[in-house]
Amino acid sequence: MRALRWIFGLAAGLVVLACVAAGGGVLALRAAAPDDTGTLRVAGLSGAVEIVRDGFGIPHVWAGNERDLWFALGFLHAQDRLVQLEFTRLIGQGRLAELLGPRALPLDRFNRTIGLAREARRAYAIADENTRAQADAYAAGANASLAARGVLGWPVEFLWLGHRPERWEGWHTLLWGQLMGLTLNAGWRDALVRARLGDRLTPALFQALWPQEAGPAAAHVPADRQLAQLAQSLLAALPEAGSGASNEWVVAGSRTLSGKPILANDPHLNLGAPGIWYLARLEAPGALYAGATAPGAPALVLGHNGHVAWGFTTTGAESSDVYIERVDPLDPARYLAPGGSRPFETRETVLQARGQRPETLVVRATRHGAVVSDIDPALRAAAGEGNVLVLSLPFMFAPDRTAQALMGVGRAKNAAELVAATRDWLGPVQNMVYADTAGTIGQRTVGAVPIRAGAPSPLPYRGWAEDAGWTGFVPFDQMPARENPANGRLLNANERIVGAEWPFHLGYGFDPSYRARRIAELLDSRTKQDTAFHVALQADSLSLFAREAIAASTALAPGDLRARVELARLRQWDGRMDAMHPEPLVFAAWMRELTRRTLEIATGEMAGDLLRERPRLVLDVLAGKSAWCGPAGCAQQSESALVAAIAWITARQGNDPAKWRWGAEHRAPFDNPLYARIPILGALLSADVPTSGDYYTVNRGAGRMSDPDRPFAHIHGAGYRAVYDLADLDASLFAIAPGQSGDPLSTHWRDMAGFWAEGRMLRLAKSRVELGNDAHRLHLLPP
């Protein structure tokens, strides 16, 4: 999550000082490594547990019962990812400033205001007995791992910062889901960005920046200058939002060599070291879990259980809204609503920043949700005396049993049981693809999609209006769902999952359909498929957008000789974003420069904040039909952007185009958000690898166009890939990046990065014998 990167950066200065005080050097990083061999007696187990690690440090766990499996998972996460585990908990609790000081207070205030920790406690309290028992077992395992390590075995980051990890409680394990839900529910931030555009946001510009390929056009809402200023202040007060994308598909047995379904999934999130995902295989009598776990979460998030396999993509649903509310001019303790004013609901929460006195935050709420414009004094000043901004999230209005649903998915014995478990899923809204060993395949959108009282708007709503607010959520049986389609395949790559005929508002922020169309094209290219075919499909780097853009540029004839030569080369290029070729680099740099120039004309000073992939915007310019081409015309704008792009590449990679390489710029750095900010040390610990692909390819490698130094760095993509063979789920294939360990000096810190970049995958061994005698074996026993 990007918020986690932002937070670790706050600590970098403290770490540098501590390094100097401790004598510095890489050796100062090495705390006592946790035991992964031998025998440990730990409190909380009911029987013996065996943990066998393969050559990549991936644990294979055997226990006598399922409770001890989750105990072991908590133990392992605290062994290998303790810093990640602890920071995730502190962020979710709104307590990060206790460790990092007052610069973390805005994020703490925000998370306290929307009530992430309160909701995690409530979700734990209403969960069924099995869910609480699983969460408690995980927490007990994490605590046992802490006790086994002792103070001298703590990660050096805690020693530097003077932090003592606290004991875990069952409800803490639900914070990861709350944070991920917030990361993948960013529609409210998009509404603020659109509001900030003010009167520039014409219907034409909206369609250019947020194209609606398969849905209804957005109604135009008149601009509001005060709202634009308030939106700008709120965006500035908060850390950058996270984002999510993904690919998923499943084919029926009629399309495979084995006669059983094959399912593939690769979720796209921010890449870093350590990564979000942690591979594990857990087995007990009557229970098997294999795939991606997440430090802090007491469940298998993505994977298979020997009966069913499942995966997710982000739907792009807008399950959050922003409201501007008017304060009652006669009583500042009340706000305006239809039928008269209402009192703000209030509660107090105490925050503690390192080195400062405690701060009492008064949290206000209206009928629509939490008042977020109170989190910062500058933001309150921007709102003025008469207005507040309010954020609505589903858990504020409905019980959240998402953790219970995910655990139910993991226990499902067939597709019907899996679907039944997802009835409890509140958020984030996801497209779930699934298959079972009997041959059923399906895809279902799960989570809470609000039903709005009035017409949907791409901007914040007016809270005092009669038709403002939510009247409920789309019923489960009316959510998008398909099972066993006649053509034998289902897929999604974050394109809009429903058409304009769906009677509810889903959202405005969907990915263009290039990845989905390429996946469909390849799935239909072969009648009988095996897992190797699907592994290759996940690694496909052909950009349909590149082909479309080059085709749209046929009228261009640059006067500049180098631009003419490079454009001719692009017209002969097949559109593959191959790391070892120059054409992808020329194309990407050209599209970035053209996007930047067009946004400057369309949005003025906001261009830098809006600089990202805008395919509709640049295609219209290339085709000569854009309203934002400047006085010289669209052709001149496109050609001069190409000239500038070539100059940019030349300054970085020299004068010889034959030596230019996309992979020299498109690299996955896997930065650790703390160590990357420390000179020399950051470079030594980087897992930097060149990669193929880009934002538009199935092998998705997104960057940040607005970054002046590394605009094409591969910082967002498939940190986990899996291909599940329902004919033999033990033959399923996996990859994560950069490695299993959160210890920078562990051999498993980055040992999978190159393996992952090459598109390779591995099996998880199903037996102790298969793991071999050289594997590291740890036995956990009750006291």
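This one's a predicted model, so the numbers in the text were calculated from it and none came from an experiment.

S.K.: Help me understand unusual backbone geometry, please; the structure alone is not making it clear to me.
M.R.: Trans peptide bonds make up most of the peptide bonds, and negative phi angles are found at most residues other than glycine. Of note, the amide linkage connecting Gly427 to Pro428 takes the cis form, showing an omega dihedral of 5 degrees. Each neighbour pair has its own omega, and for Ala737 with Pro738 the value is 0 degrees, a cis peptide bond. Along the chain, Pro738 turns up in the loop between β29 (733-736) and α26 (753-757). In this structure, Asn484 takes a positive phi of about 50 degrees despite not being glycine. Asn484 sits in the partly exposed class, given a relative accessible area of 42%. If you check the backbone angles, Asn494 has positive phi at about 75 degrees while not being a glycine.

S.K.: Mind showing me how you'd approach empty space enclosed by the protein here?
M.R.: Where empty space is left in the structure can be found by rolling a water-sized probe over the atoms. Counted by the stated rule, this structure contains 11 cavities of 30 Å³ or more. Space inside the largest cavity adds up to approximately 660 Å³. Around the largest cavity, the lining is made up of 42 residues, and of these Gly177, Met180, Gly181, Gly427 and Pro428 lie nearest the centre. Sorting the residues of the lining of the largest cavity by element identifies α9 (175-183), β4 (245-251), β5 (262-270), β9 (308-314) and α14 (402-411) as the ones contributing at least two each. Broken down by element, the lining of the largest cavity gets its largest block of residues, 6 residues, from α9. Of the residues that constitute the lining of the largest cavity, the class distribution is 27 nonpolar, 14 polar and 1 charged.

S.K.: What exactly am I supposed to notice about the pairing of strand β28 (residues 720-725) here?
M.R.: Both faces of the sheet carry side chains from a regular strand, because those side chains alternate between them. Of all 6 residues that make up β28, 6 are buried, and the element is covered over most of its length. Of the two faces of β28, the one holding Tyr720, Ala722 and Tyr724 and the one holding Arg721, Val723 and Asp725 are both buried throughout. Two elements, β5 and β28, share 4 bridges in a ladder whose sense is antiparallel. Bridge pairing in β28 links Ala264 to Val723. Examined bridge by bridge, β28 and β29 share 4 bridges and lie antiparallel to one another. Bridged to Ala722 within β29 is Phe734.

S.K.: Would you explain the packing of aromatic side chains in this entry?
M.R.: Aromatic ring pairs are described here by two measures, namely the spacing of the ring centres and the angle between the planes. One pass over the structure, following the stated rule, counts 26 aromatic pairs. Ring geometry for Trp160 against Tyr675: centres 6.3 Å apart, planes inclined by 75 degrees, an arrangement best described as edge-to-face. Here Tyr675 lies in the loop between β24 (667-668) and α25 (681-685) and Trp160 lies in helix α8 (residues 156-161), a separation of 515 residues in the sequence. With a relative accessible area of 14%, Trp160 lands in the buried category. The exposure class of Tyr675 is buried, given its relative accessible area of 2%. Ring centres of Phe312 and Trp425 lie 5.2 Å apart, and the angle between their planes is 40 degrees; on these two criteria the pair is classed as tilted. Placement of the pair is Phe312 in strand β9 and Trp425 in the loop between α15 (415-421) and β17 (430-436), with a sequence separation of 113 residues.

S.K.: Where do I start with the environment of Ala403 in this structure?
M.R.: Counting through the fold element by element, Ala403 comes out in helix α14. For the pair formed by Ala403 and Pro298, sequence separation is 105 residues and the distance between their alpha carbons is 8.7 Å. The contacts of Ala403, once residues within four sequence positions are left out, are Thr131 and Leu174.

S.K.: What exactly am I supposed to notice about the state of the cysteines here?
M.R.: A disulfide bridge is the covalent bond that connects two cysteines by way of their sulfur atoms. Taken as a whole and judged by the stated rule, the model has 1 disulfide. The disulfide bridge from Cys629 ends at Cys634, spanning 1.9 Å between sulfur atoms. Looking down the S-S bond of the Cys629 and Cys634 bridge, the torsion is 90 degrees, so its handedness is right-handed. Residue Cys629 shares its accessibility class with Cys634, and that shared class is buried.

Conventions adopted
Residues numbered from 1 in each chain as written. Predicted model: local features only at pLDDT ≥ 70, side-chain atom pairs only at ≥ 80, totals over all residues. Heavy atoms only, no water. Helix = DSSP H or I, 4+ residues; strand = E, 2+ residues; numbered from the N terminus. Buried < 20%, exposed > 50% of the residue type's maximum accessible area, 1.4 Å probe, protein only. 1 Å grid on protein atoms, 1.4 Å probe; cavity = no way out; pocket = protein on both sides within 12 Å on 5 of 7 lines; lining within 4 Å. Points joined across faces, edges and corners; volume = space filled by probe spheres on them. Nonpolar A, V, L, I, M, F, W, Y, C, P; charged D, E, K, R; others polar. Pairing = 2+ DSSP bridges. Phe/Tyr/Trp six-rings, centres within 6.5 Å; stacked < 30°, edge-to-face > 60°. Contact = heavy atoms within 4.5 Å. Disulfide = S-S within 2.5 Å.

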